[in-house]
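Chain by chain, the residues:
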Amino acid sequence: MKRALVSVSDKTGVVEFCQSLVECGYQIISTGGTLSTLQGQGVEAIDITAVTNFPEILDGRVKTLSPYVHGGLLYRRDLESHVSQINEHGIEAIDLVCVNLYQFEKASESGSLADAIENIDIGGPSMIRSSAKNYKDVFVVTDCSDYDRVIEAIKSDEDSSELKANLGAKAFALTARYDAIISQYLETHVATEKMPSKTLTFDLKEELRYGENPHQSASFYTRIGGHNTIECTEMLHGKQLSYNNIQDAQAALDLLSEFTKPTVCAIKHMSPCGVGIGSNIDEAWEKAYSADPVSIFGGIVVTNCEVTASVAELMSKIFLEVIVAPSYTDEALAILTKKKNVRILRLIENEVKVETQFKSVGNGLLVQDVDTVNNYEIEYSVVTEKQPTEIEIEQMRFGQSVVKHVKSNAIVLVKDNQTVGSGGGQTSRIDSAKIAFEQAKDLGHTEDIILASDAFFPFDDVVTLAAEYGVSCIVQPGGSIRDQDSIDKCNELGISMVFTNTRHFKH
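Calculation rules
Residues numbered from 1 in each chain as written. Predicted model: local features only at pLDDT ≥ 70, side-chain atom pairs only at ≥ 80, totals over all residues. Heavy atoms only, no water. Buried < 20%, exposed > 50% of the residue type's maximum accessible area, 1.4 Å probe, protein only. Helix = DSSP H or I, 4+ residues; strand = E, 2+ residues; numbered from the N terminus. Arc of directions from axis to C-beta. Contact = heavy atoms within 4.5 Å. Axes fitted to C-alpha atoms, helices over the stretch in contact; angles between N-to-C directions. Parallel < 35°, antiparallel > 145°, perpendicular 65-115°, else oblique. Nonpolar A, V, L, I, M, F, W, Y, C, P; charged D, E, K, R; others polar. Core = buried A, V, L, I, M, F, W, Y, C linked by side-chain atoms within 4.5 Å. Polar contact = N/O pair within 3.5 Å; in protein donor to acceptor, adjacent residues only side chain to side chain. Pairing = 2+ DSSP bridges. Phe/Tyr/Trp six-rings, centres within 6.5 Å; stacked < 30°, edge-to-face > 60°.

(A) Local environment of helix 2 (residues 32-40). All of the buried residues along helix 2 are Thr34, Leu35 and Leu38. Projected down its long axis, helix 2 carries its buried residues within an arc of 100 degrees, all on one side. Residues of helix 2 that are exposed and point more than 90 degrees away from the buried face comprise Ser36 and Gly40. Residues of helix 2 that are buried make contact with strand 1 (2-7), helix 1 (14-23), strand 2 (26-30) and strand 3 (46-47). Directly beyond the C-terminal end of helix 2, a positive phi value near 80 degrees is found at glycine 42.

Encoded structure:
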């Protein structure tokens, strides 16, 4: 008779699975709550202590850590020496293990440190690893969704080596994930030293149609123990988000998080092409749209306001890839859903903030704190003879909040809570400035413009050019050995300049 060891935290479908195993001639060995559940439903099963010849101790912390369990799992059926030792010690084979683990993830999110520690499973991962190591001889079942295909394989009596191999690989993926979650938790809550290695785990959210280009395959994984804002959305209409949609939408939501007043942000290729703050969404939309009515075509639009019918009518007049908002009126949804290809997402309220950023570099990983500086709160220092007004200071803060999300070298021009020019990703700051200035000029903005820079000016050339395009105030971090040159040029040209002492590089 073949034997199956069953010990599960999630008991979904386990009774039916074990009933099928019994029908296939298996003897069921079980533990604790699983044993009670099975026997309570009339499934014949024996207690693990009948196998180990030792009682459960330490409040159940030790119950399956026995050579009678692991010997029965690990011995190779094709090695005479293994078979001889098993027989010598009276150990019987265990041919199937069905185990899922203590709910550490749930306990760590909602309970105390003591609760989390108590929910670190020891016996479960040990049994999974033993059986997965010997996957050629043992079925290792860790996922309720695999119950049916395992029973089908047993009943068919056909070669199940491929299934066993896949289940074995899946089992090690589970234990690796489990250990990574525990490691992250203890590193955060207990450890006082930086760990010598960084172990992260991600769950597959969905397979994507393709990556940045059609010839690239892609998937979307979400980090366990972390958070990703784009996850906190509900798809209301449209087809699956693409690889590029996800990146752009995330960039837009990161930018939107800078503001509390009614705001609309438009993103194209992960760069802001229009940002507007208004007294309501109608005004905010008009500012964001008119900031760059060309680039917004095919872009991503996000807002922190409910989308109304009036704004939906305006949005529907152009092609947008994605719209994200906390809510939509019924009339707005009726208007927007007339276009089948636009993705409409509802932003679910979530106060969890992303604190750590990970970026792959070849086969390496860069890790840094997220740039969470609030430019509406930091202190500014005026370094020129001309003093900015309070209104201009407010606009400088707006400009710095946007420039923080533009690729370096970054220059953003703003006026009246609207972006009017943006240049970024250039190899020189003056080239970024020229792009932004020409954009503002084309839109008819030629005076009282505020210029925000993500980093210091190495020369006074940007200031000289700024005066030609109607810039009245400049905000930048400062820190160049040539800062005084730019200050002197501002004094000469009648421009006020403010230093923030905070750089916002974005590579």
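(B) Inspection of the packing of helix 1 against helix 9 (residues 147-156) at higher detail. Where helix 1 contacts helix 9, the two axes come as close as 10 Å, and the packing angle between them is 5 degrees. When the axis of helix 1 is compared with that of helix 9, the two are roughly parallel. Contacts between helix 1 and helix 9 involve Val14, Phe17, Ser20 and Leu21 on the former and, on the latter, Tyr147, Val150, Ile151 and Ile154. For the contact of helix 1 with helix 9, the class distribution of residues is seven nonpolar, one polar and no charged.

(C) Quick peek at the nonpolar core. Counting 47 residues, the largest nonpolar core has Phe17, Leu21, Leu96 and Phe139 as its most contacted members. Each residue touching leucine 96, except ones within four places of it in the same chain, is listed here: Arg3, Ala4, Leu5, Phe17, Leu21, Tyr26, Val138, Phe139, Val141, Val150 and Ile154. By size, the runner-up hydrophobic cluster in this structure holds 37 residues, among which are Ala249, Phe259, Val302 and Ile393.

(D) Looking closely at the side chain of serine 242. Structurally, the position occupied by serine 242 is in the loop between strand 8 (233-237) and helix 11 (243-256). On the accessibility criterion, serine 242 (12% relative accessible area) is buried. Within the local environment of serine 242, its side chain forms a polar contact with the backbone nitrogen of asparagine 245, the two atoms lying 3.0 Å apart. With residues up to four places along the chain from it excluded, the contact list for serine 242 reads Arg209 and Arg343.

(E) Seen up close, the pairing of strand 17 (residues 411-414). Burial of strand 17 is two-sided: the residues Ile411 and Leu413 facing one way and the residues Val412 and Val414 facing the other way are all buried. Of the pairings in the sheet, the one linking strand 17 to strand 18 (residues 419-423) comprises four bridges and is antiparallel in character. Residue pairing across strands places valine 412 opposite serine 422, the latter belonging to strand 18. Between strand 17 and the antiparallel strand that follows it, strand 18, lie four residues; aspartate 416 among them carries a positive phi value of about 50 degrees. As paired strands, strand 17 and strand 19 (residues 449-453) are joined by four bridges and run antiparallel to one another.

(F) Here's a closer look at the sheet that holds strand 13 (residues 343-347). Sheet architecture is open: six strands sit in the order 8-13-12-11-9-10, paired in mixed fashion. With partners counted over all chains shown, the strands left at the sheet margins are strand 8 and strand 10 (271-277), one partner each. Strand after strand, the sheet turns through a mean of 20 degrees between neighbouring axes, direction not considered. In terms of strand pairing, strand 12 (residues 320-325) meets strand 13 through four bridges, oriented parallel. Paired with valine 324 across the bridge in strand 13 is leucine 345. In the packing of helix 11 onto the sheet, the strands contacted are strand 9 (263-268), strand 10, strand 11 (299-303), strand 12 and strand 13, and the crossing angle to strand 11 comes to about 35 degrees. Strands in contact with helix 12 (residues 281-291) are strand 9, strand 10, strand 11 and strand 12; relative to strand 10, the strand with the most contacts, it is inclined by about 145 degrees.

(G) Main features of the packing of aromatic side chains. Using the criterion set out here, one finds six aromatic pairs in the structure. Ring centres of phenylalanine 259 and tyrosine 376 lie 6.4 Å apart, and the angle between their planes is 80 degrees; on these two criteria the pair is classed as edge-to-face. Within this pair, whereas phenylalanine 259 is found in the loop between helix 11 and strand 9, its partner tyrosine 376 is found in the loop between strand 15 (364-369) and strand 16 (381-382), the two being separated by 117 residues in sequence. Judged by its relative accessible area of 27%, tyrosine 376 is partly exposed. Ring geometry for phenylalanine 437 and tyrosine 469: centres 4.9 Å apart, planes at 10 degrees, overall stacked.

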